[in-house]
Amino acid sequence: MTLFEDLKWRGLIKDVAGEESELQKVLDGSPFSFYWGTDPTADSLHLGHYSSLCMAKRLANAGHHPVLLCGGATGRIGDPRPTAEREIISEETVNNNINGIRSQITSLVPSAELVDNYDWMKDYTFLGFLRDIGKYINVNYMLDKDIIRRRLETGITFAEFSYMLLQGYDFLHLFQEKKCIMQVAGSDQWGNITTGVDLIRKIANETAYAFTMPLILDPTGKKFGKSEGNALWLDKEKTSPYAIYQYLINSDDSKVLEYLKVFTFLTKEQIEDVYAQQQAAPETRIAQKTLAWEVVKDIHGKEEADNAVMVSQKLFAGDFKGLSVKDIMAGLGGVPSFEYKEELPLIDVLVNNKIASSRREAREFITGKAVSVNGDVITDESTVITKAMAIEGQILIFRRGKKKYFIGKI
């Protein structure tokens, strides 16, 4: 299977600048340089970016050269959002974010050449930019772009409106200086991408190529991202490897095949085999388990992926020994919780916090060995639950029966 065929099978080619047949010739032809970019809106990338980095790695694995841009210049302006203007972030924050992102890109795509558009924009005068670039792009052309049209009713600042020219110039600059003949991005960047293609055609009198990937959505139809409130960060201090594993292992059956194609480097044959096993025995969730392990392995390494499996198994069994509070909360974050202020006998804790509806019911649970604290079954109702028992001094985990969990927060 050629690179183009593989990308098509994975559903990774959405919009194409020019003829798809020409794109196919380039992708399957001699090695070339391409670029993908992101703005440093946070000090870490998230799972939404990861699909694009997977694309960069796929092209790199096929012999092509990735130039990955972190937008120190465009990040100071902000890409237009569909609903409202982005908050301007300080230059200090921009620089800090760039450092965090660059280290992640280096880890995930080791062959990448890293660039920052601030390097070529910081000395470009406003008048020079208007003369050199602005005169080649018609305002009507810009107004016709989807993201701009959607913002006209609510209002858009000149800074945001100009963003398209900045990103278009990035493509032209990298075409001229780095011989990048192709840009790859998410489909929400289509207007910015085609502006770059047009600038290269008008100014350099050359042909450039570009295509977008479909935005990867969660089961509710939201894209993975910071602004959507569902970001899974690639920085393990912000989102633990287990939290990513836990999220993906709970992927909806309707999405898991798509995620396997987009987020893993398994071959077509391997993915089809896993999915066939899933359809034959859905209760095994083999597709979700494979997806979760492969993604964590690629982002954080095999040791972290294996550890995530171990944490998952321990939580399922109610064994919390050796687990961190961060991993426990990632697995049990949605269960009822309460503040544990006063040290009381177990029976009072159960009743006061609605773990049992009455002292009689609480007694039945306790004598029936159906109550555990931090994984240890307690059969004496007078046992005082002390704060010293808390895991890392922070939480107490009460389990009633096999599946009912409650967390006491110190």
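Note that the coordinates shown come from a computational prediction; the quantities given were computed from them, not determined experimentally.

This part is about the packing of helix α11 (residues 241-249) against helix α16 (residues 325-332). Remark: α11 packs on α16, axes separated minimally by 9 Å, with the N-to-C direction vectors making an angle of 15 degrees. The orientation of α11 with respect to α16, classified from their angle, is roughly parallel. Classified by chirality, the crossing of α16 by α11 is right-handed. Where α11 approaches α16, its residues Tyr242, Ala243 and Gln246 are matched on the opposing element by Asp327, Ala330 and Gly331.

On to the packing of aromatic side chains, then. Per the stated rule, a full pass over the model turns up 10 aromatic pairs. Arranged with centres 5.9 Å apart and planes meeting at 90 degrees, the rings of Phe129 and Tyr169 form a pair that is edge-to-face. Taken as a pair, Phe129 in helix α6 (residues 126-132) and Tyr169 in helix α9 (residues 158-178) lie far apart in primary sequence, 40 residues in all. Each member of the pair, Phe129 as well as Tyr169, is classed as buried. Their ring planes at 85 degrees and their centres at 6.0 Å tell us that Phe320 and Tyr405 sit as a pair that is edge-to-face. On the criterion of sequence distance, the pair formed by Phe320 in the loop between α15 (302-317) and α16 and Tyr405 in strand β12 (residues 404-409) is long-range, its members being 85 residues apart.

Counting buried residues along strand β4 (residues 180-186), 6 of its 7 residues qualify, which places the element largely inside the surrounding structure. In the sheet, strand β1 (residues 33-38) pairs with β4 via 3 bridges, with the strands oriented parallel. Bridge pairing links Phe34 to Met182 in β4. Pairing of β4 with strand β5 (residues 209-213), which is carried by 5 bridges, proceeds in the parallel orientation. Its bridge partner lying in β5, Val184 is registered against Phe211. Once the chain exits β4 it traverses helix α10 (residues 190-204) before rejoining the sheet at β5, and the crossover so formed is right-handed.

A few words now on the sheet that holds β4. A sheet is described by the order of its strands in space; here 5 strands give the open sequence β3-β2-β1-β4-β5, paired in parallel fashion. Strand pairing shows two members of the sheet lacking a second neighbour, β3 (113-115) and β5, which therefore form its edges. Direction aside, neighbouring strands of the sheet carry axes that sit 25 degrees apart on average.

Here the focus is the sheet that holds strand β9 (residues 376-377). With mixed pairing, 5 strands are arranged side by side in an open sheet as β6-β12-β11-β8-β9. Two strands close off the open sheet at either side, each with one partner strand: β6 (337-339) and β9. In the sheet, strand β8 (residues 371-373) pairs with strand β11 (residues 395-400) via 3 bridges, with the strands oriented antiparallel. Within the sheet, the bridge partner assigned to Val371 lies in β11 and is Arg400.

This part takes up a nonpolar patch on the surface. Nonpolar side chains collect at one region of the surface, where Phe126, Leu130 and Phe158 lie side by side and expose about 340 Å² of accessible area between them. Here Phe158 is to be found in helix α9. With relative accessibility at 55%, the residue Phe158 sits in the exposed group.

Throughout the structure, instances matching the rule amount to 24 salt bridges. Linking Asp198 and Arg201 is a salt bridge whose minimum nitrogen-to-oxygen distance equals 3.6 Å. Pair noted here: Asp198 and Arg201 are both in helix α10, with a separation of 3 residues, about one helical turn. The partly exposed category is assigned to Arg201, whose relative accessible area is 47%. When the shortest N-O distance is used, the salt bridge between Lys297 and Glu294 registers 3.2 Å. One end of the pair is Lys297 and the other is Glu294, both in helix α14 (residues 286-300) and 3 residues apart, which spans about a single turn.

Each pocket or cavity is described by its volume, and for the second largest pocket that value is around 610 Å³. If you trace the second largest pocket, you find 17 residues lining it, with Gln246, Asn250, Ser312, Leu315 and Phe316 closest to the centre. If you tally residues by element for the lining of the second largest pocket, the top one is α15, at 5 residues. Counted by class, the lining of the second largest pocket contains 8 nonpolar, 5 polar and 4 charged residues.

The next subject is the nonpolar core. Counting 71 residues, the largest nonpolar core has Leu27, Met182 and Phe211 as the members making the most contacts within it. A per-element tally of this core places helix α3 (residues 47-61) first, with 7 residues. One finds Ile137, Leu166, Ile200 and Ala208 within the second-largest nonpolar core, a separate group that totals 31 residues.

For the coordinates displayed, the defined rule picks out 1 cavity of 30 Å³ or more. Lining the largest cavity are 10 residues, with Thr41, Ala42, Ser44, His46 and His49 sitting closest to its centre. Partitioning the lining of the largest cavity into residue classes produces 3 nonpolar, 5 polar and 2 charged.

Rules behind the numbers
- Residues numbered from 1 in each chain as written.
- Predicted model: local features only at pLDDT ≥ 70, side-chain atom pairs only at ≥ 80, totals over all residues.
- Heavy atoms only, no water.
- Axes fitted to C-alpha atoms, helices over the stretch in contact; angles between N-to-C directions.
- Helix = DSSP H or I, 4+ residues; strand = E, 2+ residues; numbered from the N terminus.
- Parallel < 35°, antiparallel > 145°, perpendicular 65-115°, else oblique.
- Left-handed = near helix turned anticlockwise from the far one by under 90°.
- Contact = heavy atoms within 4.5 Å.
- Phe/Tyr/Trp six-rings, centres within 6.5 Å; stacked < 30°, edge-to-face > 60°.
- Buried < 20%, exposed > 50% of the residue type's maximum accessible area, 1.4 Å probe, protein only.
- Pairing = 2+ DSSP bridges.
- Right-handed = clockwise from strand over helix to strand, strands pointing away.
- Patch = residues over 30% accessible without salt bridge, like charges linked within 9 Å, V, L, I, M, F, W, Y side chains within 5 Å.
- Areas by Shrake-Rupley, 256 points an atom, 1.4 Å probe, with all protein chains shown as cover.
- Salt bridge = Lys/Arg side-chain N within 4 Å of Asp/Glu carboxyl O.
- 1 Å grid on protein atoms, 1.4 Å probe; cavity = no way out; pocket = protein on both sides within 12 Å on 5 of 7 lines; lining within 4 Å.
- Points joined across faces, edges and corners; volume = space filled by probe spheres on them.
- Nonpolar A, V, L, I, M, F, W, Y, C, P; charged D, E, K, R; others polar.
- Core = buried A, V, L, I, M, F, W, Y, C linked by side-chain atoms within 4.5 Å.

These figures capture arrangement, not role.
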